[in-house]
Amino acid sequence: MAGERWIAGCERCTAYLVRACADAGFAPDIRHGTDDYVATQALVARGLGVALLPGLALAAFRHPEVAVRDVPGLRPRALHAFHHREADQIPAVGAAVRALRDARRAEGASASGHTVTARS
């Protein structure tokens, strides 16, 4: 993917992308940036670049016109949900925390990333 144009995300996500590409021996040619995973996939579907997205984002929404490829050997990323202990009593907060835990388990405790490319 070294010769591809890339779509990056927020500052932390971009730093993760740059580090992952450096580990693979290249610097990404970042052409676009958005922290919206749905918008990222729309840009990819239009052929404007490729992106590195977390599995949780793809589990929430997958654009029908993109291809997804696992990227082996990525350093894991960490997700943290901080909330006041009593906030679990609020149904929406409890449901969100459970959904994050369930999604993490469904990924097999793997924090692997995925490249998203336009279908050919």
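Note that the structure is a prediction, hence the values are computed from the model and not measured.

## With respect to the overall build of the protein chain
Within the protein chain, the regular secondary structure consists of four helices and five strands. Written out in order from the N terminus, the α and β elements of the protein chain read β-α-β-α-β-α-β-α-β. For the protein chain, the proportion of its 120 residues judged to be buried stands at 30%.

## Here we look at the nonpolar core
By size, the foremost hydrophobic cluster in this structure holds 10 residues: W6, A8, Y16, L17, A20, C21, F26, V50, L52 and L74. Going through the elements one at a time, β1 (5–8), α1 (11–23) and β3 (50–54) are the ones with two or more residues in this core. If one sorts the elements of this core by residue count, α1 sits on top with four residues. The contacts of F26, once residues within four sequence positions are left out, are M1, A2, W6 and C21. Of all hydrophobic cores here, the second largest spans seven residues; its members include I7, A45, A51 and L58.

Thresholds applied
Residues numbered from 1 in each chain as written. Predicted model: local features only at pLDDT ≥ 70, side-chain atom pairs only at ≥ 80, totals over all residues. Heavy atoms only, no water. Helix = DSSP H or I, 4+ residues; strand = E, 2+ residues; numbered from the N terminus. Buried < 20%, exposed > 50% of the residue type's maximum accessible area, 1.4 Å probe, protein only. Core = buried A, V, L, I, M, F, W, Y, C linked by side-chain atoms within 4.5 Å. Contact = heavy atoms within 4.5 Å.

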